[in-house]
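Here is how the chains run, residue by residue.
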Amino acid sequence: MKFSIITPTYKRADKLTRAVESVLNQTYTNWEMIIVNDSPDDVSYSSFENSISDPRIIYLNNEQNSGVNYSRNRALDNISKDSDWVIFLDDDDYFATDALTTLHDLIQNHLNNKWFVTNRAQSNGSSLTHFPASDTSYPYAWDYLITKKCKGDATHCISTSLIKNIRFSKHIKQAEEWLFFYQIGLREQMFYHNHNSTLTDGYNESSGLNFRKRTAPEQLKTLFAIKLEGFRHNLIWRPTFLIYLSLRFVRIGVKSLSFKP
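Residues numbered from 1 in each chain as written. Predicted model: local features only at pLDDT ≥ 70, side-chain atom pairs only at ≥ 80, totals over all residues. Heavy atoms only, no water.

*Asks:* Which residues make up the layout of surface pockets, and what are the values?
*Replies:* Of the voids in this model, the second largest pocket is the one considered here, and its volume is about 270 Å³. The wall of the second largest pocket is formed by 14 residues, among which Asn165, Ile166, Arg167, Gln183 and His233 lie closest to the centre. Considered class by class, the residues forming the lining of the second largest pocket number four nonpolar, five polar and five charged. (1 Å grid on protein atoms, 1.4 Å probe; cavity = no way out; pocket = protein on both sides within 12 Å on 5 of 7 lines; lining within 4 Å. Points joined across faces, edges and corners; volume = space filled by probe spheres on them. Nonpolar A, V, L, I, M, F, W, Y, C, P; charged D, E, K, R; others polar.)

*Asks:* So what's going on with the pairing of strand β1 (residues 3-9)? Residues and values would help.
*Replies:* Burial within β1 is extensive, with seven of its seven residues counted as buried. Across the two faces of β1 the burial is the same, with Phe3, Ile5, Thr7 and Thr9 and Ser4, Ile6 and Pro8 all buried. As paired strands, β1 and strand β2 (residues 31-37) are joined by seven bridges and run parallel to one another. Pairing of Phe3 across the sheet is with Trp31, part of β2. In this fold, the crossover linking β1 to β2 by way of helix α1 (residues 13-24) has right-handed handedness. (Buried < 20%, exposed > 50% of the residue type's maximum accessible area, 1.4 Å probe, protein only. Helix = DSSP H or I, 4+ residues; strand = E, 2+ residues; numbered from the N terminus. Pairing = 2+ DSSP bridges. Right-handed = clockwise from strand over helix to strand, strands pointing away.)

*Asks:* Would you mind going over the pattern of salt bridges in detail, with residue names and values included?
*Replies:* Within this structure, the stated rule accounts for 15 salt bridges. With a shortest N-O distance of 2.9 Å, Arg12 and Asp91 are connected by a salt bridge. Taken together, the residues Arg12 in the loop between β1 and α1 and Asp91 in the loop between β4 (85-88) and β5 (93-95) connect sequence positions 79 residues apart. With a relative accessible area of 2%, Asp91 lands in the buried category. Across the pair Glu229 and Arg232 runs a salt bridge whose closest N-O atoms are separated by 2.8 Å. One end of the pair is Glu229 and the other is Arg232, both in helix α8 (residues 216-232) and three residues apart, which spans about a single turn. In this structure Arg232 comes out as partly exposed when scored by relative accessible area, which is 44%. Connected through salt bridges with shared partners, the residues Lys2, Glu32 and Asp82 form a single ionic network. (Salt bridge = Lys/Arg side-chain N within 4 Å of Asp/Glu carboxyl O.)

*Asks:* Go over the environment of Val117, please, and point to the residues and values.
*Replies:* For Val117, the position within the fold is in strand β6 (residues 115-122). In this structure Val117 comes out as buried when scored by relative accessible area, which is 0%. With 75 residues separating them along the chain, Val117 and Tyr192 place their C-alpha atoms 4.7 Å apart.

*Asks:* I'd like to hear about a nonpolar patch on the surface, residue by residue, with values.
*Replies:* On the surface, Leu228, Phe231, Trp237 and Leu242 cluster together into a nonpolar patch covering about 450 Å² of accessible area. Note that Leu228 resides in helix α8. Overall, Leu228 belongs to the partly exposed group, its relative accessible area being 48%. (Patch = residues over 30% accessible without salt bridge, like charges linked within 9 Å, V, L, I, M, F, W, Y side chains within 5 Å. Areas by Shrake-Rupley, 256 points an atom, 1.4 Å probe, with all protein chains shown as cover.)

*Asks:* Give me the nonpolar core: which residues, what numbers.
*Replies:* Membership of the largest hydrophobic core comes to 42 residues, with the highest contact counts inside it found for Phe88, Ile158, Trp178, Phe180 and Phe241. Ranked by residue count, the leading element in this core is helix α7 (residues 178-185), at six residues. In this structure, Ile158 is in contact with Asp84, Trp85, Val86, Phe88, Lys114, Trp115, Ile163, Phe180, Phe181 and Ile184, ignoring residues within four places of it in sequence. In terms of nonpolar packing, the next biggest core, distinct from the first, is built from 27 residues, Val20, Tyr59, Leu103 and Phe191 among them. (Core = buried A, V, L, I, M, F, W, Y, C linked by side-chain atoms within 4.5 Å. Contact = heavy atoms within 4.5 Å.)

*Asks:* Go over unusual backbone geometry with me, naming the residues and quoting the values.
*Replies:* Unusually for a residue other than glycine, Asp135 sits at a positive phi of about 55°. Relative to the elements of secondary structure, Asp135 occurs in the loop between β6 and β7 (136-138). The exposure class assigned to Asp135 is partly exposed, which follows from its relative accessible area of 41%. Backbone geometry at Lys148 places phi at a positive 60°, although glycine is not the residue there.

Dropping the structure here:
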């Protein structure tokens, strides 16, 4: 069983080193790590690139800054033919030592499932992932997007066969990862297991991407781009897609009205 770990990186060579070390220190060793550098002009990556000696690590440089969605797609296009599972690891996060072993055992014990979710947690052990119950399946669109029964960032481990031609949005440069997971969710439910697999020092509110921090016009522009994505991928008539998109439009309207003098 081979895991493909996908890590886009942008101007965080120091953090990336820690992420790579956490993969190298895994108790389970059948993996490959595909790193895509989206800041090719950042010279701080030179020493990192020169230090790579493990053949399981594939390092790719984008010709220009193209966004995290492009970088993840490029990594997906370069996974090995013998890859069985895909895991996304951000460059400022790192794996618990037993992350891959836990996922391997989880897969072996639940052979009919193709999408596993475990926790993303603070380095102090406080989980950022909140699901009602462990070892239970949940529909992504309804329980995560609409009702918010399931909340928080998580560690996603998805069967390579399930992903096939599904990719992150090519027309939205940053964020909106839910479009990718929504399409996965049309084929499979999430199986949640309570384990702190991915660790982080914390989300940087000052520099991190956050839809709510954008102005109302910026948010509307993004939502119209999502609507176009729905047409492109024939998702727009899906009830859960329409409900979720409508809710986001309503939230922007309510927020705009609340700020009127």
